[in-house]
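Observations on chain architecture
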Amino acid sequence: MPERGRPALMPRYRPHVAARPSWRCRVCGAAWPCSPARLALLGEYRENRTGLLIYLGTLMCEATADLAELNGQAVPDGLADRFLNWARAR
């Protein structure tokens, strides 16, 4: 309980960004883009869905190369779902 007369401190927001080359979230450890990252990206690109898809496609290409190198040149399945399909207009 905060002392009387002192405001409670709000936890500092930490952006959910990718740790490369693993492409796991630096904050929660989930596969990136994690749910909080997706929400932040949708808000940031609210008026530019095409720009969001181009950005995510670029990151997916980078992730493909990084993850293939980590996995002995095997490209992980489901990268399109992970990076692009969730962001398409409905």
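Since we're looking at a predicted model, the values are computed, not measured. (Residues numbered from 1 in each chain as written. Predicted model: local features only at pLDDT ≥ 70, side-chain atom pairs only at ≥ 80, totals over all residues. Heavy atoms only, no water.)

Bringing the overall build of the chain into the picture now. A tally of regular secondary structure across the chain gives 3 helices and 2 strands. Order of helices (α) and strands (β) in the chain, N terminus to C terminus: β-β-α-α-α. When the 90 residues of the chain are sorted by exposure, 29% land in the buried category. In the chain, 46% of the contacts between residues at least 6 apart in sequence involve partners at least 24 apart. (Helix = DSSP H or I, 4+ residues; strand = E, 2+ residues; numbered from the N terminus. Buried < 20%, exposed > 50% of the residue type's maximum accessible area, 1.4 Å probe, protein only. Contact = heavy atoms within 4.5 Å.)

By size, the foremost hydrophobic cluster in this structure holds 19 residues, and its most contacted members are Trp-23, Trp-32, Leu-41, Leu-52, Leu-56 and Phe-83. Of all the secondary-structure elements, those providing two or more residues to this core are helix 1 (35-44), helix 2 (49-70) and helix 3 (79-83). In terms of residues, this core owes the most to one element, helix 2, which gives 6 residues. Those residues in contact with Phe-83 that lie beyond four places of it in its chain are Trp-23, Trp-32, Pro-33, Leu-56, Leu-59, Met-60 and Ala-63. (Core = buried A, V, L, I, M, F, W, Y, C linked by side-chain atoms within 4.5 Å.)

Before going further, it helps to spend a moment on the side chain of His-16. One can find His-16 in the segment before strand 1 (18-19). We classify His-16 as buried; its relative accessible area is 15%.

A complete count under the given rule lists 1 salt bridge for this structure. Here Glu-62 and Arg-20 are joined by a salt bridge, their closest N and O atoms 2.7 Å apart. Taken together, the residues Glu-62 in helix 2 and Arg-20 in the loop between strand 1 and strand 2 (24-25) connect sequence positions 42 residues apart. Residue classification places Glu-62 among the partly exposed positions, given a relative accessible area of 31%. (Salt bridge = Lys/Arg side-chain N within 4 Å of Asp/Glu carboxyl O.)

Right, let's talk about the confidence of the model for the chain for a bit. Mean pLDDT over the chain works out to 91, with 89% of the residues at or above the 70 mark. Across the chain, the element-wise mean pLDDT spans from 96 in helix 3 up to 98 in strand 2. (pLDDT = per-residue confidence, 0-100.)

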